[in-house]
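The residues making up each chain are set out below.
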Amino acid sequence: IKIKPECWKGYSRRALALNGIGRKRPALCSAAIAYYYDAKSSRCFEPFRNAFKDLDGHWEVVDSSKALQRSLMRNRRPSTRKDVLLIRNGQYEMFDRPNVPNTIAETTLAALDDKLCVILTCRRVSLCKQCFFHGITISTEFTILVEPDGKVEFEKCSFRNTASNMAVMAIDGVATFLECTVKDSEGSGIFVEGSDSLAALVKSHIIGNGKMDPYAFGIRVCNGGSLLVQESHICGNTRGVWIDEGPIQDVPANRVLITDSQIYDNKYEGIVVGAVPEFPGFTSPVVIIRKNKIFHNGTFGIRSALSINDVLVEENLIFENYWWGVCVHTDSGGLYRHNEICNNKMGGIMVSRRSPRKPPCVVENNRIHDNCGPAVHEGLRFAERNSFPPEFRSFFAKAIELGAHSVKVMQNDVFLPN
């Protein structure tokens with residue numbers, strides 16, 4: 001394809017390869033491009049014809065905003081739907097009525113070539129059912145909504161919110177991002193909420209979003225949502241990743257896995273595991289933060305304020321954050337092991353107090369060195385100490401006097417200076 005970008009052969013073989021590993025939507029995009037460049041030769045290639053004969057005649061090329069709008073409207077009806085819309089390089093605008101989003105359902109949109117020069121400008125977009133986008137840059141004034149019934153894939157796409165402090169993407173359904181970028185938005189990046197919602201980001205970049213809003217974020221997950229971040233870069237946002245209960249319903253996230261990623265240069269925390277109220281029937285989320293580099297964040301590398309124990313932080317490199325590498329707030333637990341925590345400007349790990357009969361936070365087998373403050377500090381911050389009623393303050397004072405601990409510190413390698 002690189003040697004002969006207008007030859008059908010490369011696209012037909014790529015389509016067969018993608019189809020063979022179960023990536024049906026990307027395979028359809030490559031197959032449509034093969035038909036576009038040489039339909040006659042594509043039909044003569046028997047393996048290709050057998051795999052993609054149903055696509056023949058069910059794709060089209062779009063080269064104007066009006067044509068795109070007509071195609072999207074037509075695709076809402078199964079009888080007139082085209083399986084793939086190939087978009088020529090250029091700028092496109094989606095027209096909408098005030099306060100009424102454009103709805104895209106059961107549609108595959110793909111850039112016609114790999115130069116990634118397709119720019120789609122819109123106000124509001126709602127994505128339903130099965131959708132696939134390849135090589136599209138979407139510039140929106142509000143939020144792109146993945147509906148609860150939506151199962152959407154984005155590959156090599158870029159997103160930006162240009163006019164509001166809202167998140168670029170709100171996910172109530174399921175969305176997968178492969179090699180995508182969410183960059184320089186006025187508001188936040190990706191917001192995942194809803195009991196069955198899921199966002200999976202692989203080899204993606206969430207960069208420079210929400211710089212003026214102290215509550216903005218690169219990624220936020222809550223209200224029963226789940227999140228996978230793998231081999232991605234999350235940097236330059238107000239906050240990197242924010243895991244918490246919802247702003248209205250007080251329902252925590254479900255499951256979160258952040259692995260093999262770099263989280264850095266965010267204005268406040270790299271990762272926030274936010275406060276969750278305890279109430280009957282409360283189900284704590286499972287949060288796993290593994291094998292990441294977390295550095296150069298403006299406050300803490302990781303700040304945990306969950307009243308739970310299902311937080312696992314292991315095998316991370318946490319360094320040169322402006323405050324502490326890790327801060328575990330009052331009544332927050334978890335297991336912190338096999339991390340390297342170094343060169344943080346206020347200290348390595350700070351663990352606040354646990355209430356009576358709650359299991360301690362566990363800090364074991366870490367390598368903690370060259371921090372500007374203590375390697376491990378146990379105790380209450382001043383603001384936390386004053387937030388308790390007097391009888392609890394006296395309990396903590398007595399516990400300190402008797403040498404009681406709310407954190408188990410075991411077999412950590414601690415090097416000076418700390």
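Residues numbered from 1 in each chain as written. Predicted model: local features only at pLDDT ≥ 70, side-chain atom pairs only at ≥ 80, totals over all residues. Heavy atoms only, no water.

Student: Can you explain the overall build of the protein chain? Please cite residues and give values.
Tutor: Tallying secondary structure elements over the protein chain gives seven helices and 37 strands in all. Taking all 418 residues of the protein chain together, the buried fraction comes to 51%. Expressed as a percentage of contacts within the protein chain between residues at least 6 apart in sequence, the contacts between residues at least 24 apart total 64%. Summing over all exposed atoms, the protein chain offers an accessible surface of approximately 18800 Å²; the carbon and sulfur share of this is 53%. (Helix = DSSP H or I, 4+ residues; strand = E, 2+ residues; numbered from the N terminus. Buried < 20%, exposed > 50% of the residue type's maximum accessible area, 1.4 Å probe, protein only. Contact = heavy atoms within 4.5 Å. Areas by Shrake-Rupley, 256 points an atom, 1.4 Å probe, with all protein chains shown as cover.)

Student: If you had to explain the environment of Ile219 to someone new, which residues and values would you point to?
Tutor: Tracing the backbone through its elements, the reader meets Ile219 in strand β17 (residues 219–222). For Ile219 and Ala199, which are 20 residues apart along the polypeptide, the C-alpha to C-alpha distance reads 9.7 Å. Sequence-distant contacts of Ile219, defined by excluding residues within four places in its chain, comprise Ile190, Leu201, Ile206, Leu227, Val229, Ile234, Gly240, Val241 and Trp242.

Student: Could you give me a rundown of the nonpolar core, with the residues and numbers involved?
Tutor: Core analysis: the biggest nonpolar cluster contains 68 residues, and Phe133, Phe154, Phe159, Phe177, Ile243 and Ile271 have the highest contact counts within it. Per-element accounting of this core gives the leading share, four residues, to strand β6 (residues 125–134). In contact with Phe177, other than residues within four places in its own chain, are Phe154, Phe159, Met169, Ile171, Ile190, Ala200, Leu201, Val202 and Ser204. Counting 21 residues, the second-largest nonpolar core is a separate cluster that includes Leu18, Ala32, Phe45 and Phe132. (Core = buried A, V, L, I, M, F, W, Y, C linked by side-chain atoms within 4.5 Å.)

Student: A description of the packing of helix α1 (residues 8–20) against helix α2 (residues 24–37) should follow, citing residues and the corresponding values.
Tutor: At a closest axis distance of 8 Å, the pairing of α1 and α2 adopts a crossing angle of 160 degrees. In terms of axis orientation, α1 runs roughly antiparallel to α2. In this structure, α1 crosses over α2, and the sense of that crossing is left-handed. Listed contacts from α2 to Trp8, Tyr11, Ser12, Arg14, Ala15, Leu18 and Asn19 of α1 are Lys24, Pro26, Ala27, Ser30, Ala31, Ile33, Ala34 and Tyr37. Of the residues assigned to the contact of α1 with α2, the class counts are ten nonpolar, three polar and two charged. (Axes fitted to C-alpha atoms, helices over the stretch in contact; angles between N-to-C directions. Parallel < 35°, antiparallel > 145°, perpendicular 65-115°, else oblique. Left-handed = near helix turned anticlockwise from the far one by under 90°. Nonpolar A, V, L, I, M, F, W, Y, C, P; charged D, E, K, R; others polar.)

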